[in-house]
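# Survey of secondary and tertiary structure
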Amino acid sequence: MSLVERQDTISQDSSVWDGGMGSVGDYVALLKPRVMSLVIFTAFVGLMLAPGSVHPVLGAVAILCIAIGAGASGALNMWYDADIDRIMSRTRNRPIPSGKVTGNEAFAFGITLSIGSVVTLGLLINWFAGAFLAFTIFFYVIVYTMWLKRSTPQNIVIGGAAGAFPPMVGWASVTGSVSLESFVLFLIIFMWTPPHFWALALFKSVDYRAAGVPMLPVVAGETSTRHHILVYSVLLAPVGVAPYLLGFAGPVYGVSAVLLGLAFVALAADVWRKRDGDAARLACVRLFKYSIFYLFMLFALLLGESLVTGV
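The following refers to the structure shown. (Residues numbered from 1 in each chain as written. Predicted model: local features only at pLDDT ≥ 70, side-chain atom pairs only at ≥ 80, totals over all residues. Heavy atoms only, no water.)

### Quick word on the side chain of Ser291
Positionally, Ser291 belongs in helix α16 (residues 277-309). Exposure remark for Ser291: the relative accessible area of 0% places this residue in the buried category. At 2.6 Å, the side chain of Ser291 and the backbone oxygen of Phe288 are in polar contact. In this structure Ser291 touches Trp192, His196 and Phe264, once residues within four positions along its chain are discounted. (Helix = DSSP H or I, 4+ residues; strand = E, 2+ residues; numbered from the N terminus. Buried < 20%, exposed > 50% of the residue type's maximum accessible area, 1.4 Å probe, protein only. Polar contact = N/O pair within 3.5 Å; in protein donor to acceptor, adjacent residues only side chain to side chain. Contact = heavy atoms within 4.5 Å.)

If you want it as structure tokens, here you go:
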């Protein structure tokens, strides 16, 4: 379906109301604030770990631009996915399917924020960071949302790169470039995303099946998904320790990353073992929740060590 046809479809779906009914809270919801909070935090860590310095006001502007760019991506994702959001229990109360914001309003909101965040970051910080943010928005909206999500069970593997770029954009806001260290931060989130999201997809597979989204549990089955979760978790554990092994994190981070990674693998193994009933669902929920804690702790430890050591 072309973008023009897509816009016509959303307009037809939205014809039952005139628009202009959304509250501030509805527009905030379009930004996916929970996802945005992770973007802000990881981008901030990337900015703080980068060599060199940036004026605090300009640093705050950079983080704000990255946050707004992430929110713009969320709004455009909701605009495009309004049809399947109406079907899935997890998303049917979002602003567009619930009738609080029209598709046209969400589209205009997302485009305006996208352009504003990229131009502001480019003009006030540097154009490399601005271009990187533009590419991140493009990757999430065009590559993941419009292409991969509905075409391949590897959607979250490849598309997960969009959520892994923010620390690199934060790093680039200071240095005007990227480096091995910033790529390692990217790689941690990139490897973390599949087991994190597949744990959710396992206990929400009915929704994805109903919406026709080819998530791995729908296409390959739950057993194969459990195998994939375990493999990615085993690969993630040493990647999480990489900042210490490469010398840009200290021993506190190194020991903590090992322990956190072992716990991640243990919970993934629990998901692999428990395949029926409430026990299986609970194992998936535990892994999903722990995965958020795991990523937060890794980046919090990196940030804490940099603040203590002044590196």
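### Considering the packing of aromatic side chains
Within this structure, the stated rule accounts for 19 aromatic pairs. Ring geometry for Phe135 and Phe139: centres 5.9 Å apart, planes at 55°, overall tilted. Of this pair, Phe135 and Phe139 both sit in helix α7 (residues 127-148), 4 residues apart, which is roughly one turn of the helix. Under the relative-accessibility criterion, Phe135 is labelled partly exposed at 38%. Residue Phe139 is classed as buried on the basis of its relative accessible area of 12%. Taken together, the ring pairs in this structure connect Phe128, Phe132, Phe135, Phe139, Phe165, Phe183, Phe186 and Phe190 into an aromatic cluster. Over the aromatic face of Trp272 sits the side chain of Arg275, whose NZ or CZ is 4.8 Å from the ring centroid. (Phe/Tyr/Trp six-rings, centres within 6.5 Å; stacked < 30°, edge-to-face > 60°. Lys NZ or Arg CZ within 6 Å of the ring centre and 35° of its normal.)

### Remarks on unusual backbone geometry
Both trends apply: most residues other than glycine have a negative phi, and most peptide bonds are in trans. One non-glycine residue, Lys32, lies in positive phi territory at about 50°. Here Lys32 shows up in the loop between α2 (24-30) and α3 (33-49). Judged by its relative accessible area of 13%, Lys32 falls in the buried class.

### A short note on α7
If you look at α7, its biggest bend is around 30°, right at Phe139. Sitting at the head of α7, Asn126 places a side-chain oxygen 3.1 Å from the backbone nitrogen of Phe128. (Bend = angle between axes of the 7 residues up to and from the residue.)

### Considerations on the packing of helix α6 (residues 103-124) against α7
Two elements in contact, α6 and α7, have axes whose closest approach is 6 Å; the angle formed by their N-to-C orientations is 160°. As judged from the angle between their axes, α6 and α7 are roughly antiparallel. Read as a crossing pair, α6 and α7 show a hand that is right-handed. Contact residues: Ser114, Ser117, Val118, Val119, Leu121, Gly122 and Leu123 in α6; Trp127, Ala129, Gly130, Leu133, Ala134 and Ile137 in α7. (Axes fitted to C-alpha atoms, helices over the stretch in contact; angles between N-to-C directions. Parallel < 35°, antiparallel > 145°, perpendicular 65-115°, else oblique. Left-handed = near helix turned anticlockwise from the far one by under 90°.)

### What about the environment of Cys65?
Relative to the helices and strands, Cys65 is located in helix α4 (residues 56-80). For Cys65, a relative accessible area of 4% corresponds to the buried category. In this structure, the C-alpha to C-alpha distance between Cys65 and Gly122, residues 57 residues apart in sequence, is 9.7 Å.

### A short note on the environment of Thr145
Within the secondary structure, Thr145 sits in helix α7. As for Thr145 and Ser256, which are separated by 111 residues in sequence, their C-alpha atoms are 35 Å apart. Residues contacting Thr145, with those up to four places away along its chain left out, are Asn77, Tyr80, Asp81 and Tyr140. Looking at Thr145, its side chain comes within polar contact range of the side chain of Asn77, at 3.0 Å. Separated by 2.8 Å, the side chain of Thr145 and the backbone oxygen of Tyr140 make a polar contact.

### Points about the pattern of salt bridges
When the charged atoms of two side chains lie near each other, side chains of opposite charge can form a pair. Counted under the stated rule, the structure contains 8 salt bridges. A salt bridge links Asp81 to Arg150; the shortest N-O distance between them is 2.8 Å. Taken together, the residues span a long stretch of sequence, with Asp81 in the loop between α4 and α5 (82-85) and Arg150 in the loop between α7 and α8 (155-159) at a distance of 69 residues. Of the residues examined, Asp81 reaches a relative accessible area of 0% and is grouped as buried. (Salt bridge = Lys/Arg side-chain N within 4 Å of Asp/Glu carboxyl O.)

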